[in-house]
Amino acid sequence: MTKTEAKEKIAQLSQEIDTHNYNYYVMSNPTISDYEFDLMLKELIDLEKKFPEFALPESPTQRVGGDLVKNFKTVTHRYPMLSLGNTYSQEELKDFDERVRKAIGNAFEYVCELKFDGVAIGLTYVDGKLTQAVTRGDGVKGDDVTVNVKTIKSIPLKLKGNDYPKEFEIRGEIVLPRAAFDRMNEELVIQLRDEGYSDDEINERLYRNPRNTASGTLKQQDSKIVATRKLDCYLYALFGDDLNFDTHYESLKKAKQWGFKVSDHAVKCKTMDDVFDYIATWDKSRDELPYDIDGIVLKVNSYSQQEELGYTAKSPRWAISYKFKAENVATQLLSISYQVGRTGAVTPVANLQPVVLAGTVVKRASLHNADIIEKLDVRVGDFVYVEKGGEIIPKITGVDLSKRKENTEPTKYITHCPECNTPLVRTAGEAAFYCPNEDGCPPQIIGRIQHFTSRKAMNIDGLGDETVDLLFRKDLLHNIADIYDLKKEQLMNLDRMGDKSATNLIDGIEKSKQVPFEKVLFAIGIRYVGDTVAKKIAMHFKSMDNIINASYEQLIEAPEVGEKIAQSVISFFKEQKNVELVKRLEHAGLQMKVDESSNKIASDKLKGLIIVATGTLKNYKRDEIKEAIESNGGKASGSVSGKTSFVLAGDEPGENKITKAKELNVKVISEEEFQKMLE
Ligand code: IVH
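Note on numbering: residues in each chain are counted from 1, in written sequence order. pLDDT decides what is reported in this predicted model: residues at 70 or higher carry local features, side-chain atom pairs at 80 or more are listed and counted, and totals for whole chains, interfaces and linings draw on all residues regardless. For side-chain calculations, the full set of non-hydrogen atoms in the structure is used, while hydrogens and water are omitted.

Participant: How would you sum up the sheet that holds strand β17 (residues 610–614)? Please name residues and give values.
Facilitator: Pairing is parallel in the open sheet, where four strands are placed in the order β18-β17-β19-β20. Strands with a single pairing partner mark the edges of an open sheet, and in this sheet they are β18 (635–637) and β20 (667–669). Taken over all neighbouring pairs, the strand axes of this sheet differ in orientation by 35° on average, direction set aside. In this description, strands pair whenever DSSP reports at least two bridges between them. By the criteria applied, helices consist of DSSP H or I runs no shorter than four residues and strands consist of E runs no shorter than two, each listed in order from the N terminus. Direction of pairing for β17 relative to β18: parallel, over a ladder of three bridges. Its bridge partner lying in β18, I611 is registered against A636. For helices, the fitted axis covers only the stretch in contact; all axes are lines through C-alpha atoms, and the angles between them, taken along N-to-C directions, range from 0 to 180 degrees.

Put into structure tokens, the structure is as follows:
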């Protein structure tokens, strides 16, 4: 075979195999026998081996796997991977609908989609070719699992047609179809039997459910194994700077034309009754689907209306999920124990006869609070229904009264703290009982210190939960500020702590003094001030002193701060001991101010302006322009609407954006004009 012939043959085989893959995996309509397909693939593999210079970068042979990855690279998402608000009832959905109507009026429609129970993935395509696949991770950064994702046959390595944007990201869910999951377990059972395991041991070792298995598979280091696992992928959202769509529904249709597997079960709905019908249908028929779904997703269809609705810190205001009622099982309640958290709240926990629920063994469940125990009339010895809802911790939803023994007594809720014996209190309007002994109740003290040192807060290496516990019990830590008085000599006398770990710990503590202010604010553990809110408050007030001195009215002005949070901040700093603790931390050298040098707030010259940038700019890359707009007080937006202040157009601007701007009478300005505004 000459080189020219080889090159042509490789191209032709690649093309043909692609088509067969598409017909089989996306369209579920095979056009060739497995045997013929395997022969073709083998021919291509052999040719590429002989003439590697002609192998196409997007060759279907990559789907066989082979590359080994030790550690997946962490990458920052260009568009953060948000989550969705969850609802569980028609009422909650109606509330959502009302919020939407209040914001954008009545002229809109929804798209209802299935909520795939799998692993979220973001696929980037450049010039029609798959370049990167990243898991959700923490929403900001995820793992680059491209080699593994390339083995999933329904994901196109190369797109069809030619009307796709030069670069875009498409998101969806990687699922393991139930049949493939069952098959994996069947094979595992055979293998484990061969290896001599007992049935009990085998049960312990089985794959638990398709979602966990899909997730584990995606993190496999050997892409060859991934290639054998029959993962599938449904796509449901597009992101990009040059998406020429007005609606989400249109984007799904287009994605389908480009070769993606897009569910046929997405439908447009005008009224909430249509939405409820959709839910009822799929709640009933979900078992007929080849993969698991755990609910439906409701999205406002129009992109400009989505834009208008915007986002909360964690999720879009234009979409919400509805979760189907979870599976439930009955089991016996063996005892009730009471846990005291770092805020002093007491949580009753049910200890259960272990039972398998939705694929996992459940031994404990939350009983929430005294009211719920009373309402359900749960008694030790009862057979109770356990359900896994949206939360990870299962809950008890009812009692099988027919199985209750005679002469049992209703549960008496504890009256004293199980840890320090202080009488419990209950604030009017709150469900939980509290132990008020903040400064003397061990789990509260330990919990606050553990929160302070945790990864999302001060992230102190070497000061994990167990070490905090140990140091508290050895009388070396009574509060968060004591951490900074610890000496190496004190630590070395402790069991399990050698010279090296003591040095590490002291180094970790020292390093934490550089942790940015916003994390310090989160770490001190003001109730209701989570990491996102802490960041907003920190950026707004700039320093701890400003926050300590802020009035309720000033606090409530800050972004993300409502009455509850403002009140909580006020109560926290009203306590002299908290102010003193903070002063000790400041004295120890912790960051008590926003670091202005790294803070890019440049001016408020664009305050109140909503700006859409499009095309290539000379002075800014894509994410830089967003930063430039935001750091000057403006809001960067991706699509043109009536609210857009102006469109900043670079070279080759998005045609649709310009047309839309003209239509809506929105001013279009050049980069030079923009620069002038900033001067
Ligand atoms: S849209 C900005 N659509 O559910 C929101 N998500 O709880 C983008 N999911 O992280 C998500 N099916 O992993 C969307 N049809 C669907 C979905 C879906 C499943 C997952 C997704 C997301 C999670 C949110």
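Participant: Could you give an account of helix α1 (residues 3–26), naming the residues involved and the relevant values?
Facilitator: Think of an α-helix as 3.6 residues a turn; residues three or four steps apart then line up on the same face. In this analysis, the expected span of each helix is defined as 1.5 Å times one less than the number of residues it contains. Between its first and last C-alpha, α1 extends 33 Å over 24 residues, near the 34 Å set by a 1.5 Å rise per residue. Think of it in three bands: residues with accessible area under 20% of the maximum for their type are buried, residues over 50% are exposed, and the middle band is partly exposed, with areas taken using a 1.4 Å probe on protein chains only. Those residues of α1 not exposed but buried are A6, I10, L13, S14, I17, H20, N21, Y22, N23 and V26. Looking at the buried positions of α1, the neighbouring elements they touch are α2 (34–50) and α9 (248–257). Backbone geometry just downstream of α1 places S28 in the positive-phi region, at approximately 50°. The contact definition used throughout considers only heavy atoms, calling two residues in contact when any of these lie within 4.5 Å.

Participant: Tell me about the pairing of strand β10 (residues 293–300), and please be specific about residues and values.
Facilitator: Among the eight residues that make up β10, eight are buried, leaving the element largely enclosed by the rest of the structure. Across seven bridges, strand β3 (residues 110–116) lies against β10 in antiparallel orientation. Considered in β10, the bridge of F116 is made with I293. Two elements, β10 and strand β11 (residues 319–323), share five bridges in a ladder whose sense is antiparallel. From the neighbouring strand, K299 faces β11, where its bridge partner is A319.

Participant: Give a detailed account of the site of the ligand, specifying residues and quantitative values.
Facilitator: Neighbouring residues of the ligand: L82, L84, E113, L114, K115, F116, A120, E173, Y236, V297, K299 and P316. Under the rule applied, a polar contact is a pair of N or O atoms within 3.5 Å (in protein, one hydrogen donor and one hydrogen acceptor; residues adjacent in sequence only if both atoms are side-chain atoms). E113 is positioned with one of its side-chain polar atoms (N or O) 2.8 Å from a nitrogen atom of the ligand. Within the side chain of K115, a nitrogen or oxygen atom sits 3.1 Å from an oxygen atom of the ligand. Exposure was quantified through the Shrake-Rupley algorithm and a 1.4 Å probe, taking into account, for residues, occlusion by the shown protein chains and nothing else. For the ligand, the accessible surface in isolation is 530 Å², of which the surrounding protein chains cover 89%. When residues of the shell around the ligand are traced back to their parent elements, those giving at least two are β3 and β10. What makes a residue near a molecule or strand is one non-hydrogen atom of that residue sitting within 4 Å of it.

Participant: Can you lay out empty space enclosed by the protein for me, pointing to particular residues and giving the numbers?
Facilitator: Only protein atoms enter the calculation, which uses a 1 Å grid: trapped sets of points that fit a 1.4 Å probe without letting it out are cavities, open sets showing protein on both sides within 12 Å along at least five of seven lines are pockets, and any residue with an atom within 4 Å of a point is a lining residue. Grid points are joined across faces, edges and corners, and a volume is the space filled by probe spheres set on the points. Counted according to the given criterion, the structure contains one cavity of 30 Å³ or more. In this model, the largest cavity occupies a volume close to 60 Å³. Around the largest cavity, the lining residues are E113, L114, F116, L235, Y236, L252, V262, S263, H265 and A266. Elements that contribute at least two residues to the lining of the largest cavity include exactly β3 and β8 (232–239).

Participant: Before we move on, can you summarise the packing of α1 against α2 with the specific residues and values?
Facilitator: Direction vectors running N to C along α1 and α2 enclose 145°, while the axes themselves pass 10 Å from each other. Of the two elements, α1 crosses α2, and the hand of that crossing is left-handed. Every residue of α2 that contacts α1 at K9, I10, L13, S14, E16, I17, H20, N21 and Y24 is listed here: D34, F37, M40, L41, E43, L44, L47 and E48. Any residue that is not Ala, Val, Leu, Ile, Met, Phe, Trp, Tyr, Cys, Pro, Asp, Glu, Lys or Arg is counted as polar, Gly included; the first ten are nonpolar and the last four charged. Its residues assigned to classes, the contact of α1 with α2 shows nine nonpolar, three polar and five charged. In this scheme the handedness of a crossing depends on how the near helix is turned from the far one: anticlockwise by less than a right angle means left-handed, clockwise means right-handed.

Participant: Requested: an account of the pattern of salt bridges, with residues and values cited.
Facilitator: Whenever a carboxyl oxygen of Asp or Glu lies within 4 Å of a side-chain nitrogen of Lys or Arg, that contact is scored as a salt bridge. Evaluated as defined, the whole model comprises 39 salt bridges. Among the ionic pairs, K513 bridges to E510, the shortest N-O distance being 3.1 Å. For K513, a relative accessible area of 15% corresponds to the buried category. Residue E510 is classed as partly exposed on the basis of its relative accessible area, which comes to 45%. Beyond isolated ion pairs, a larger network of salt bridges with shared partners links E438, D439, R448, E575 and K577.

Participant: Hey, could you go over helix α10 (residues 272–285) for me, with residue numbers and the actual values?
Facilitator: The end-to-end C-alpha distance of α10 is 20 Å, a good match for the 20 Å that 14 residues give at a rise of 1.5 Å each. Within α10, the full set of buried residues consists of M272, V275, F276, Y278, I279, W282 and S285. On its buried face, α10 sits against α3 (90–104), β3, β9 (267–269), β10 and β11.

Participant: How would you sum up unusual backbone geometry? Please name residues and give values.
Facilitator: Of note, the phi angle at D377 is positive, near 50°, even though the residue is not glycine. Taking relative accessible area as the criterion, D377 reaches 23% and is therefore assigned partly exposed.

Participant: Explain the packing of aromatic side chains to me, and be specific about the residues and the numbers.
Facilitator: The way to describe two aromatic rings as a pair is by their centre distance and the angle between their planes. Only rings of Phe, Tyr and Trp enter the pairing, Trp through its six-membered ring, and a pair is recorded when the two centres are within 6.5 Å. The plane angle decides the type: under 30 degrees is stacked, over 60 is edge-to-face, the rest tilted. Inspection of every chain in the model, using the stated rule, returns 22 aromatic pairs. Considering the side-chain rings of F168 and F260, the 6.4 Å spacing of their centres and the 85° angle between planes classify their relative orientation as edge-to-face. With F168 in strand β7 (residues 167–175) and F260 in the loop between α9 and β9, the pair connects residues that are 92 residues apart, well separated along the chain. Like F168, the residue F260 is buried in the burial classification.

Participant: Break down the state of the cysteines for me, citing the residues and quoting the values.
Facilitator: Cysteine sulfur pairs qualify as disulfides if the two atoms are within 2.5 Å. For the structure shown, the criterion picks out zero disulfides. Just so you know, C269 is unpaired, no disulfide at all, and the nearest cysteine sulfur is the one on C112, 3.6 Å from it. With no disulfide of its own, C420 lies closest to C435 among cysteine sulfurs, the gap being 3.5 Å.

Participant: A description of the packing of α3 against α10 should follow, citing residues and the corresponding values.
Facilitator: It is at 11 Å that the axes of α3 and α10 come closest, and there the two elements cross at 140°. Where α3 crosses over α10, the two elements pack in a sense that is right-handed. On the side of α3, the interface is formed by Q90, L93, K94 and D97, while α10 contributes M272, V275, F276 and I279. Here the residues of the contact of α3 with α10 are counted per class, giving five nonpolar, one polar and two charged.

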